[in-house]
Every structure is written in C-alpha cells, then in structure tokens.
2 protein chains.
Amino acid sequence: MAPTPKGRATYHHGDLAAALVQTTLEIIDEVGVRGFSVAEAARRTCVSPGAPYRHFADRDALLAAAALEVSRRLRAIYLETAADVGSAQERLATVAGTFVRTAARYRGGLDILFAPGLRATHPELRDSTREFVDLLLPSAFEVVAPGDAAVTAVALLDALHALARGYVAQLLEGKFGDPDDVVEEVATRATRAARALVAGYGVSSGPVGEGCGDR
Amino acid sequence: MAPTPKGRATYHHGDLAAALVQTTLEIIDEVGVRGFSVAEAARRTCVSPGAPYRHFADRDALLAAAALEVSRRLRAIYLETAADVGSAQERLATVAGTFVRTAARYRGGLDILFAPGLRATHPELRDSTREFVDLLLPSAFEVVAPGDAAVTAVALLDALHALARGYVAQLLEGKFGDPDDVVEEVATRATRAARALVAGYGVSSGPVGEGCGDR
DNA sequence: CATTCAATGTATGAGCCTCTCACATCACTC
DNA sequence: GAGTGATGTGAGAGGCTCATACATTGAATG
C-alpha cells in the first residue's frame, strides 16, 4: 500500500541504469555470468525486483549494457598502453600482451564482453570492438606486404584478435593454473605469439605466400 | 498414485543417461546453452523432470557430459583429416582450418565445450583437450627451433589453440556474417594465420628471438 | 521359485528467478 | 498549480533447479 523505498532517502533512485550496470559488473566479478541475476542486482541497488525492467528490456540487455561499459574501459586502457610503443610491429605485439593482462583485472567483465550468446544477439557489442580495429589498422598497414595491403592488414588484425581472445579464454578457465599467478607469463607468451604472427604476415616473409589457398 | 510412463512402453528407459546427452546436444544446437534446461531435456526424452538427476548431479554435470561427447567426436574428425597431410608445418596449419570447419558443424557443441564456466569447474573437459595436445606435439617438435625445443613446441601449440579458438568465437558470433556462408573463408584465414604463426616460431626465423622478454 | 535389493523412474513441492501489470510517486512543463 | 511522462512498488504468473518420498523393475540370492 505504501511504496516507501527501503534503503534510500528518496523515492526515485536518481540514476538507476548506471547504478545497475556498476552493480552488475561487481556481481559478475564475484559469481560469474551464470550466477548473476537481475533480482540480485536490484536487491543490492535497493530497488524492487521489477525496477530494472524500466531501464532494460530483459536480463540480456542489462548484461549487454555492462559489457559495453567494459568495452569503454578496455579502450581507455589500450590508449594509455600502446601510444608510447615505437615500431608498428612491437605496438601490435604489445597489444596482445596488454589485452591478456587487462583480462585478468576485469575478469568477469570480459566474460560478458565475449559471452557467445550476447555477442550474437547484441550487435552493438561487436561494433564496440570494431572501433578497436580502427585504432589498430594504421599499425597493421605499416607491417604488411604492399601487394594487397588492405585485405591483408584486416586479416592480420582478425588473426591477432583471435589469438588474444584464445589466450584469454585459456587463462581464465585456469588451463595454466591460478589466473592471478600466471597472468604475466601468459601475457608474455601472447606477446611473443603475436610477434611471430606479425612476422609471418610481414613484408619479406618467404614461407607465407599471398593469397594462398587452404589444404 | 500410478507412476505410469507417458511416451514409453516400459517403466525404465533403458539408457537414459546417453539419451539425455544426445537430447542435450540437439537442444543446444537449437537454442544455445543459455536456452537449455534440464526440464526440457527430460520432456523431450519422455521422463519426469526429476529423472535426469539420477544420472547427473546438476545441470552443469549434464552439460559437461555432453561437452565430453563433443570432444570425442572432435578427436575422431581430427584423426581423419590430419593423418594424410605431408609436412609437419602444413599438418599444423591444416588443423586450424579443420577446427573452424568442425565448429560450424557442431555449433552448439563447441559452445559448451568452451563455455567458460564449465571448463573452469570441470577439469575433465580440460583433460579431454589435453589429449589433443599429445596428438599434435610430435608435429610441433618437428617445426620448432632445436634450442629449447620442448618449451617452444608446447608454447606453439598453445598459440595455435588460442588462434583457432579465437577464430571460432568470431565465426560463431557472426562477426563475418552468417556462419554457414563464411565457414570456408574463415577456415582458410585460420589456416593462413596458423601458417604464419608456425613460420614465426620456426627454425630460421630471424625476427622472433628466443626467450624474448615482453614490452 | 520366492524374496530381497539396488537402480531407476514418478510425484510433489520449496525456493528462486524472469518478466508483467496495475498503481504510487515525483520532476517538469505550461 | 494542474497535468503528464518517467520511474519505482507490490503482487503474481509461469518456469526452472534440485530435494525428498514413494513406485517399479531386473537381477542376485537363498
């Protein structure tokens, strides 16, 4: 009968959408995507279980919003780290390592950013990482053989992306041991692998012919 | 009062565990891991909602069992495809492409095989892919510089694994368009990237120093 | 054979979650 | 200062996971 908010002074929250996104990230860090529930997010934000649905169509929409926030933070970190790297080759290689290190810090965050279901249904998540590509494309061009540079540069970035995500996946699932303990080692490996990849795509690389077919 | 099975002749199913695993794979192909529920699996197998819990401790255990089945099928396919590839370099490169193609066919299957939560909590899933590593290690040894061969060969396989999984992730989330349409293209790209990677780790590769530090 | 028993399935239900709907409250505009 | 749209509350329908008590059956045992 008397809708009085429980843990708050005012009836309206103020900025519930943002608060929910923040809370969502915290919950996911604790219990993972599977353990996350909209109800719990509402509880921690001291609103009724139905309130979140005023701002997000469904559970997935809230998760996607949180993932977008992660993407924003990732980009910021990237800009800090890669700006002061000299050669294009090393810049690309460094990105891979940084990506792995960041994954360890944002843990659950990356879980949603790369959750298969979410990315397939929420295109804005894919767009957000595409902006990353634009950031890196110039470096890729510098590194690649001049022939079909445009195609090859993009292909190189896709390969680097694949490589980094694969390492992150292996890191977070504990393949190499406790993630916190092995971050640095894995980041180093990722950097080295990226270096090898870049070298393989590079100008004077004999073994890798261009436009080579499969099998 | 009278527990009569509904869609069956006999009271006991016969091999409910196996049937559930099969049904689970089908459901996941249709609606993804998120959409899967034990209740639905029970329904399709014409048993009561509680029956599956006689065979699997919880939802995740059933998913893990299904993932293991996928892993078995994957290995079979791999053995067919890679056996008749001549050089070690090309064998490794081919694996990456094959992996991507298989991913497109087993779609949902790979979703669970690589579901972050599952792999982290069910070590048998990680073990199952480790057997893959044993299969490939000899090829990796052939390809790698003789110095610290043991370490480098394993590192190369990790890198290849990372690369392939990353491509699969991008493929299945629709980054390149409808998965069915672009499988071949992506598989080719994966193969090429793998080739570049192998070349980068290879014997006479100047640019990639051994034991090189990060940044 | 009759009996027992472990394995397997059913029925029921507690507790949680997602999402909906009618209604309350508030900030803002005219 | 009344109207209005945005935001929150409370209640609830329907579904799911998992636990528990009970029914059924095939196989081993005497």
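Predicted model only: the values in this text are computed from it and were never measured.

(A) Seen up close, the nonpolar core. Membership of the largest hydrophobic core comes to 139 residues, with the highest contact counts inside it found for L163, Y167 and L197 of chain A together with L163, Y167 and L197 of chain B. Excluding residues within four positions of it along the chain, L163 of chain A makes contact with A190, A193, A194 and L197 of chain A together with A159, A162, L163 and L197 of chain B.

(B) View of the protein's contact with DNA strand D. Neighbouring residues of DNA strand D: 22 residues in total, closest S48, R54 and H55 of chain A together with V38 and R59 of chain B. Considering DNA strand D, the proportion of its atoms within 4 Å of the protein that are sugar or phosphate atoms stands at 69%. Between S48 of chain A and DNA strand D, the recorded distance is 2.5 Å, taken from a backbone N or O atom to a phosphate oxygen. A distance of 3.2 Å separates a base nitrogen of DNA strand D from a polar side-chain atom of R54 of chain B. Per-element tally for the surface near DNA strand D: the top contributor is helix α2 (residues 38-44) of chain B, with three residues.

(C) Broad picture of the relation of the copies chain A and chain B. Mapping chain A onto chain B calls for a screw motion: a turn of 180 degrees about the axis and a shift of 0.0 Å along it, with 0.1 Å RMSD after fitting. These values place the two chain copies in the arrangement generated by a two-fold rotation axis. The residues that chain A uses at the interface reappear at the interface of chain B in 100% of cases, marking a shared surface.

(D) Region of interest: the interface of chain A and chain B. Each side of the interface is counted separately: chain A has 46 residues, and chain B has 46 residues. The interface formed by chain A and chain B contains ten salt bridges. Note that D60 of chain B is salt-bridged to R34 of chain A, the shortest N-O span being 2.5 Å. Where chain A touches chain B, the interface holds 18 residue pairs in polar contact (both at pLDDT 80 or more). Those elements that place two or more of their residues in the side of chain A that touches chain B are α3 (59-82), α6 (116-121), α7 (123-143), α8 (149-172) and α9 (179-201) of chain A.

(E) View of the protein's contact with DNA strand C. Around DNA strand C, a shell composed of 22 residues is seen, among which Y53 and R59 of chain A together with S48, R54 and H55 of chain B lie nearest. When the atoms of DNA strand C within 4 Å of the protein are sorted by group, sugar and phosphate make up 70%. R43 of chain A has a polar side-chain atom sitting 2.9 Å from a phosphate oxygen of DNA strand C. In this structure, a phosphate oxygen belonging to DNA strand C sits 3.1 Å away from a side-chain N or O atom of Y53 of chain A. Examining the composition of the surface near DNA strand C, we find that three residues originate from one element, helix α2 (residues 38-44) of chain A, more than from any other. Residue composition of the surface near DNA strand C, grouped by class: ten nonpolar, six polar and six charged.

(F) Just the UniProt feature "DNA-binding region" (unreviewed entry) in chain A, in detail. Per the UniProt entry, the sites bearing "DNA-binding region" (unreviewed entry) are residues 37-56 of chain A in this numbering. Between the end C-alpha atoms of residues 37-56 of chain A the distance is 13 Å, and the span holds 35% helix and 0% strand.

(G) A look at the side chain of T23 of chain B. All names here are of chain B. Assignment of secondary structure puts T23 in helix α1 (residues 16-35). Residue classification places T23 among the buried residues on the basis of a relative accessible area of 8%. The residues contacting T23, other than those within four sequence positions of it, are A41, R44 and T45.

(H) How the structure looks around α8 of chain A. Residue and element names in this part refer to chain A. For α8, with 24 residues, the first-to-last C-alpha span of 34 Å sits near the 34 Å given by 1.5 Å per residue. With 19 of 24 residues buried, α8 is to be regarded as a mostly interior element. Just downstream of α8 lies G174, where phi reads positive at about 80 degrees.

(I) Quick peek at the packing of helix α4 (residues 88-106) of chain A against α9 of chain A. Residues and elements named next belong to chain A. Axis separation between α4 and α9 bottoms out at 8 Å; the angle between their running directions is 150 degrees. Comparing the axis directions of α4 and α9 gives the class roughly antiparallel. As α4 runs across α9, the sense of the crossing is right-handed. In contact with Q89, E90, L92, A93, T94, A96, G97, V100, R101 and A104 of α4, α9 contributes V183, E184, V186, A187, A190, T191, A194, R195 and V198. Within the contact of α4 with α9, the residues separate by chemical class into eleven nonpolar, four polar and four charged.

(J) Structural context of helix α1 (residues 16-35) of chain A. Residue and element names in this part refer to chain A. Compared with the 28 Å implied by 1.5 Å per residue over 20 residues, the 21 Å span of α1 between its first and last C-alpha is markedly short. Along α1, the helix axis deviates most sharply at D29, where the bend reaches about 90 degrees. Those residues of α1 that are buried lie in contact with α2, α3 and α5 (108-113).

(K) Geometry of the confidence of the model for chain A. Residue and element names in this part refer to chain A. A residue-level look at chain A finds 90% of positions with pLDDT of 70 or above and a mean pLDDT of 86. The secondary structure element of chain A with the lowest average pLDDT is α6, at 85, and the one with the highest is α2, at 97. Below pLDDT 50 for its whole length, residues 204-215 participates in 18 contacts with residues either more than four positions away or in separate chains.

(L) A look at the side chain of T24 of chain A. Residue and element names in this part refer to chain A. The topology assignment puts T24 in helix α1. Judged by its relative accessible area of 0%, T24 is buried. A polar contact is formed between the side chain of T24 and the backbone oxygen of L20, at a distance of 2.7 Å. Excluding its chain neighbours within four sequence positions, the residues that come into contact with T24 are F36, A41, L62, L63 and A66.

Calculation criteria
Residues numbered from 1 in each chain as written. Chains lettered and ligands numbered in written order. Predicted model: local features only at pLDDT ≥ 70, side-chain atom pairs only at ≥ 80, totals over all residues. Heavy atoms only, no water. Core = buried A, V, L, I, M, F, W, Y, C linked by side-chain atoms within 4.5 Å. Buried < 20%, exposed > 50% of the residue type's maximum accessible area, 1.4 Å probe, protein only. Contact = heavy atoms within 4.5 Å. Near = heavy atom within 4 Å. Polar contact = N/O pair within 3.5 Å; in protein donor to acceptor, adjacent residues only side chain to side chain. Helix = DSSP H or I, 4+ residues; strand = E, 2+ residues; numbered from the N terminus. Least-squares fit on C-alpha atoms with pLDDT ≥ 70 in both. Salt bridge = Lys/Arg side-chain N within 4 Å of Asp/Glu carboxyl O. Nonpolar A, V, L, I, M, F, W, Y, C, P; charged D, E, K, R; others polar. UniProt positions renumbered as here; feature names shortened; annotations may be inferred. Expected span 1.5 Å × (residues − 1). Axes fitted to C-alpha atoms, helices over the stretch in contact; angles between N-to-C directions. Parallel < 35°, antiparallel > 145°, perpendicular 65-115°, else oblique. Left-handed = near helix turned anticlockwise from the far one by under 90°. Bend = angle between axes of the 7 residues up to and from the residue. pLDDT = per-residue confidence, 0-100.

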